[in-house]
Amino acid sequence: MSVFEDINQTTEKASNAGERYIKSSHQYLRLKIFQQLILSLSLMAKVLAVGSLLFAGLVFLSVAGAMELSRLLQSHSLGFLLMGLIYIAMAILIYLFRAKFNSLIIKKVGPNFFN
């Protein structure tokens, strides 16, 4: 009977080791999800804060630039039209180089996500 008792003890040890492994893996997974969630939320908060300030600055610069163009061209409508065309040209350039932006974003975010 000693062989059966040894097998039983070995089975219990393996079962306990498996349970400990599953519990520690579950805890690690929860911590990893928490880490990724916090990193994502903090990144979104920073992007929102910086983006809103940059947007406000861009609005003021756009109005000032359009007014200066209006003064140089001696036509308000032409100055604002030219400023709008500048933004459309920038949007077209960004659209044409969108693949480069995607690869840049993947290179920056990928290591944080998979580590």
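Here the structure is a predicted model, which means the values were calculated and not measured.

For the protein chain, per-residue confidence averages 88 on the pLDDT scale, and residues scoring 70 or more make up 97% of the total. When mean pLDDT is taken per element in the protein chain, helix H2 (residues 76-96) scores highest with 94 and helix H3 (residues 98-114) scores lowest with 80.

Bringing unusual backbone geometry into the picture now. Phi is positive for glutamine 74, which is not a glycine, with a value near 60°. Judged by relative accessible area, glutamine 74 falls into the exposed class, the value being 73%.

Scanning the model with the defined rule gives zero aromatic pairs in all. For arginine 98, the ring lying beneath its charged end belongs to tyrosine 95, and the centroid distance is 4.1 Å.

Taken as a whole, this structure holds one salt bridge when the rule is applied. A salt bridge links glutamate 68 to arginine 71; its shortest N-O distance comes to 2.4 Å. Taken together, the residues glutamate 68 and arginine 71, both in helix H1 (residues 2-73) and three residues apart, mark about one turn of the helix. Judged by its relative accessible area of 37%, glutamate 68 is partly exposed.

Parameters at a glance
Throughout this document, residue positions are counted from 1 along each chain, in the order its sequence is written. With pLDDT at 70 or above as the cut-off, local features in this predicted model cover only qualifying residues; side-chain atom pairs require 80 or more to be listed or tallied, and sums for whole chains, interfaces and linings still use all residues. Only hydrogens and water are set aside when side-chain values are computed; all heavy atoms of the structure are taken into account. Confidence scores here are pLDDT values: one per residue, from the predictor, ranging 0 to 100. Numbering of helices and strands runs from the N terminus; a helix is a DSSP stretch of H or I covering at least four residues, while a strand is a stretch of E covering at least two. Only protein chains enter the area calculation, which uses a 1.4 Å probe; residues under 20% of their type maximum are buried, those over 50% are exposed, and those in between are partly exposed. Aromatic pairing here means that ring centres of Phe, Tyr or Trp (its six-membered ring) are within 6.5 Å. Orientation follows from the plane angle: under 30 degrees is stacked, over 60 is edge-to-face, and everything else is tilted. The criterion for a charge sitting over a ring is simple: Lys NZ or Arg CZ within 6 Å of the ring centre, and within 35 degrees of the ring normal. A pairing counts as a salt bridge when a side-chain nitrogen of Lys or Arg comes within 4 Å of a carboxyl oxygen of Asp or Glu.

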